[in-house]
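If you want the building blocks of each chain, they are given just below.
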Number of protein chains: 2
Amino acid sequence: MTVDIAGAAAFLAAHDNYIILCHERPDGDTLGSGYGLCRILRAMGKKANVRCKNEIPEKFVSLILEDQAFEEQTVVAVDIADPSLMGAGIREQYENRVDLCIDHHASNRCFSRLSCIDGTAAAAAELIIALAHELNVPITKEIADCLFTGLTTDTGCFRYANVTPRTHRLAAEMIECGADAAGINTRQFETKTKTYAALERLALESMEFFLNERCAVITVTQEMFEKSGSNESECDAIASLPRQVEGVKVGVTIRQRTDGSYKASVRTYDPVDASLICSRFGGGGHKNAAGCQLGNDLAQAKAALLAAIGEQL
Amino acid sequence: MTVDIAGAAAFLAAHDNYIILCHERPDGDTLGSGYGLCRILRAMGKKANVRCKNEIPEKFVSLILEDQAFEEQTVVAVDIADPSLMGAGIREQYENRVDLCIDHHASNRCFSRLSCIDGTAAAAAELIIALAHELNVPITKEIADCLFTGLTTDTGCFRYANVTPRTHRLAAEMIECGADAAGINTRQFETKTKTYAALERLALESMEFFLNERCAVITVTQEMFEKSGSNESECDAIASLPRQVEGVKVGVTIRQRTDGSYKASVRTYDPVDASLICSRFGGGGHKNAAGCQLGNDLAQAKAALLAAIGEQL
């Protein structure tokens, strides 16, 4: 059953002993919203803990709360559109007993008993702020830091098309509540590790242009990981680089895995459909961002990928 | 004499036949504010043109208005802290006859007859929006595109420490007035010309670390401009790169000018004061972003700059 903010707030006020689930490979919105909600519930005198399959990345550790001891009764999922996103282990334990899901993905599968979904929100954090208002819980600096992190990370620092006037106004409110906006933005967007900076330099050197310069391809090899001291965990940000070059409609980042095989990340501008390109190789994703596995032969893989891209251009 | 927004608005309402000056090597705030103000004045039935020493960069051409024919009577400077920033030619012509300066640099030299300065504004565009409100001029989509461009470019897409709750609320208002926020952000922040991408690659290769890796220095030479096909007009974005490396407190970009002399752009994190460093070399700017001219001897200039930075670290 779907509920609005008032309905979700009434549910939260009426229950206790919360487990708040974040999605696996957590980002700033699932963690900011999860720990923000956890702080709100505790401020209401309730018991609440956050659970996430993976270790919390270094750049989010300041959001974390220590666990409280209690017997869990109520399960809330935050920013989770599908139970598979909970990750193995967490999924088996909680999939069928989520009481309330708070999410901003219009594609949410409504797998929970109650679903509070707003597809127009740029981040789940927008819904958590609305819940704090509805519950009359004052937004402390710590809550504001969590929720500002959600707003800014899910919008690429207010850059993407999902930003609405409401997103900006809620950001203003979080700053007034004490959020360290500049510090959070610096940590999330302005800081590169030295190893990433070295990898990026090597990756940019590898950039090639194809198809009348409408396609740019970066290749990241295991040798580059070794030379830079970086590794695959830092490679995600590279994927956005080739599409940034003027005139490029399809940006491809091919990275070599430790087993020698290759994987492609494809980023496109409309109307080119990245998921359509990647589906030809058994992969998938969103319209403007998708991925697929390639074989062990780089030249062959690149040629096949470029042929598929050429058909879409 | 300094005036507040109401005083500046009264002046603008009382005069006509405006020349609006932008600073040389124009950025999104001087142009967005200049053309935004020009549109506001024309909406009031007045004559107004914008003047800038340099050609308008491609990514701002959508802001431009065609010139009107009239005899100029009133001179307004926008986002110009010092007459030297008008650039040779414009400076000689206008320096001593600026009637009103609208600016957000606390360091503004108050060289104009009337000065409307708000050092707490993240962008001059914040003052122009306040003037539109005061003058009761409805903000059209075209005006909103100009002023959103000013807000977003001077804040690194709402990333920097100069952003206040007011900045976010004004951005929300501009979006409601029709500003194409996502399109503007893509053009300003997600798109690199091929020549810039090539320059960036060379610049990153030149990066050196000093002072226990707390200072990173990029050097951009005329040879790099030639090799990449780029030029000084594209160099501003380079200045943000050295400070992005983890642990770096002071990022310096030294660029060689066509006359062989060098110019430094200094970006710092608190508590390091960039303007204090640059003032040692006759330059200036903001606390976290400043610039200065250096001599023709790169090694000597770099050593002097590093000594000054070392004192601040």
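Fair warning: this is a prediction, and the values are worked out from it, not measured in the lab.

(A) Broad picture of the relation of the copies chain A and chain B. Once chain A is rotated about the relating axis by 180° and shifted along it by 0.3 Å, it coincides with chain B to within an RMSD of 2.6 Å. Here the symmetry operator amounts to a two-fold rotation axis. The fraction of interface residues of chain A whose copies in chain B are also interface residues reaches 100%, indicating that both copies meet through the same surface.

(B) Here's a closer look at the interface of chain A and chain B. In this complex, chain A contributes 36 residues to the contact, which on the side of chain B involves 36 residues. Taking both sides of the interface into account, the surface hidden between chain A and chain B amounts to around 3,700 Å²; carbon and sulfur atoms contribute 54%. It is Arg159(A), Glu190(A) and Lys194(A) in chain A that bury the most area against chain B; as a group they hold 21% of the surface buried on that side. There are six salt bridges connecting chain A and chain B. With its nearest N and O atoms 2.5 Å apart, the salt bridge here joins Lys194(B) to Glu213(A).

(C) Expanded view of the packing of helix H2 (residues 28–43) of chain B against helix H4 (residues 124–134) of chain B. Residues and elements named next belong to chain B. Across the interface, H2 lies against H4 with an axial gap of 8 Å and an inter-helix angle of 15°. Relative to H4, the element H2 is oriented roughly parallel. As H2 packs across H4, the resulting crossing turns out to be left-handed. Packed against H2, whose contacting residues are Asp-29, Ser-33, Gly-36, Leu-37 and Ile-40, the element H4 presents Ala-124, Ala-125, Ile-128 and Ala-132 at the interface.

(D) Fine view of the nonpolar core. The biggest cluster of nonpolar side chains holds 110 residues, and the ones touching the most others in it are Leu12(A), Leu100(A), Leu12(B) and Leu100(B). In this view, Leu12(A) contacts Tyr18(A), Leu37(A), Leu41(A), Lys46(A), Val76(A), Leu100(A), Leu131(A) and Leu135(A); residues no more than four positions away in its chain are not counted. The next biggest cluster of nonpolar side chains, apart from the first, holds 34 residues, and it includes Ile218(A), Met224(A), Phe225(B) and Leu241(B).

(E) Structural context of unusual backbone geometry. Between Asp270(A) and the following residue, Pro271(A), the backbone shows a cis peptide bond with an omega angle of 5°. In this model, Cys157(A) sits at a positive phi of 60°, which is unusual for a non-glycine residue. As for its position among the elements, Cys157(A) is in the loop between helix H5 (141–154) and helix H6 (165–176). Note on Cys157(A): relative accessible area 0%, which makes it buried. One non-glycine residue, Glu213(B), lies in positive phi territory at about 65°. Locating Glu213(B) in the fold gives a position in the loop between strand E6 (208–210) and strand E7 (215–220).

(F) Here's a closer look at the packing of aromatic side chains. Using the criterion set out here, one finds two aromatic pairs over all chains in the structure. Relative to Phe158(A), the ring of Phe148(A) lies with its centre 5.8 Å away and its plane at 50°, an arrangement referred to as tilted. Taken together, the positions of Phe148(A) in helix H5 and Phe158(A) in the loop between H5 and H6 put the pair ten residues apart, joining distant regions of the chain. Each member of the pair, Phe148(A) as well as Phe158(A), carries the same accessibility label: buried. One Lys or Arg, Lys194(B), reaches over the ring of Phe209(A) and ends 3.6 Å from the middle of that ring. One cation-aromatic arrangement involves Arg243(B) over Tyr269(B); the distance from NZ or CZ to the ring centre is 4.3 Å.

(G) Molecular detail of the pairing of strand E4 (residues 100–103) of chain A. All names here are of chain A. Burial along E4 is two-sided: Leu-100 and Ile-102 and Cys-101 and Asp-103, pointing in opposite directions, are all buried. Where strand E3 (residues 74–78) meets E4, three bridges bridge the pair, whose relative direction is parallel. Bridge pairing links Val-76 to Leu-100 in E4. Sheet analysis places E4 next to strand E5 (residues 114–117), joined by four bridges and oriented parallel. Paired with Cys-101 across the strands is Ser-115, a residue of E5.

(H) Local environment of the pairing of strand E11 (residues 289–294) of chain A. Residues and elements named next belong to chain A. Relative to E11, strand E9 (residues 262–268) runs antiparallel, the two being bridged by six bridges. Across the sheet, residue Ala-264 finds its bridge partner in E11, namely Cys-292. Two elements, strand E10 (residues 284–285) and E11, share two bridges in a ladder whose sense is antiparallel. Within E11, the position partnered with Gly-285 by the bridge is Ala-290. The turn linking E10 back onto E11 is made up of three residues.

(I) Here's a closer look at the confidence of the model for chain A. In the predicted model, chain A carries a mean pLDDT of 94, and the fraction of residues at 70 or more is 100%. In the model output, the complex is listed with pTM 0.86 alongside ipTM 0.86.

(J) Representation of the sheet that holds strand E2 (residues 48–51) of chain B in the model. All names here are of chain B. Ordered by their spatial adjacency, five strands build an open sheet running E2-E1-E3-E4-E5, and the pairing between neighbours is parallel. The two strands at the open ends of the sheet, each matched to only one other strand, are E2 and strand E5 (114–117). When strand polarity is set aside, the average angle formed by the axes of neighbouring strands in this sheet is 20°. Direction of pairing for strand E1 (residues 18–21) relative to E2: parallel, over a ladder of four bridges.

So, how was this worked out
- For every chain, the first residue of its written sequence is number 1, and the numbers climb from 1 along that sequence.
- To label them, take the chains in the order written and letter them from A, then take the ligands in the order written and number them from 1.
- The model is predicted, so local features are restricted to residues of pLDDT at least 70 and side-chain atom pairs to those at 80 or more, both for listing and for counting; the totals for chains, interfaces and linings are taken over all residues.
- The basis for every side-chain value is the complete set of heavy atoms in the structure, and neither hydrogens nor water enter the calculation.
- For this overlay, a least-squares fit was computed on C-alpha atoms, restricted to residues scoring pLDDT of at least 70 in both copies.
- Should any heavy atoms of two residues lie within 4.5 Å, those residues are counted as being in contact.
- The quantity reported as buried area is the accessible area (1.4 Å probe) lost by two parts once they are put together, taken as the sum for both.
- The rule for a salt bridge is simple: a side-chain nitrogen of Lys or Arg has to be within 4 Å of a carboxyl oxygen of Asp or Glu.
- Each axis is a line fitted through C-alpha atoms, taken for helices only over the stretch in contact, and angles between the N-to-C directions span 0 to 180 degrees.
- Segments assigned H or I by DSSP are reported as helices when at least four residues long, segments assigned E as strands when at least two residues long, and all are numbered from the N terminus.
- We call two directions roughly parallel when the angle between them is under 35 degrees, roughly antiparallel when it is over 145, roughly perpendicular when it lies between 65 and 115, and oblique otherwise.
- Helix crossings fall into two classes, left-handed where the near helix is turned counterclockwise from the far one by less than a right angle and right-handed where it is turned clockwise.
- Joining through side-chain atoms within 4.5 Å is the link that ties buried Ala, Val, Leu, Ile, Met, Phe, Trp, Tyr and Cys residues into a set, and such a set is a nonpolar core.
- Each residue gets one of three labels from its accessible area relative to the maximum for its type: buried under 20%, exposed over 50%, partly exposed in between, using a 1.4 Å probe on protein chains only.
- We call Phe, Tyr and Trp rings a pair once their centres come within 6.5 Å, taking the six-membered ring for Trp, and we label the pair stacked below 30 degrees between planes, edge-to-face above 60, and tilted otherwise.
- Working rule: Lys NZ or Arg CZ, within 6 Å of ring centre, within 35 degrees of ring normal, means a charge sits over the ring.
- The criterion for strand pairing is that DSSP finds at least two bridges linking the strands in question.
- On a range of 0 to 100, pLDDT expresses the predictor's confidence in each residue.

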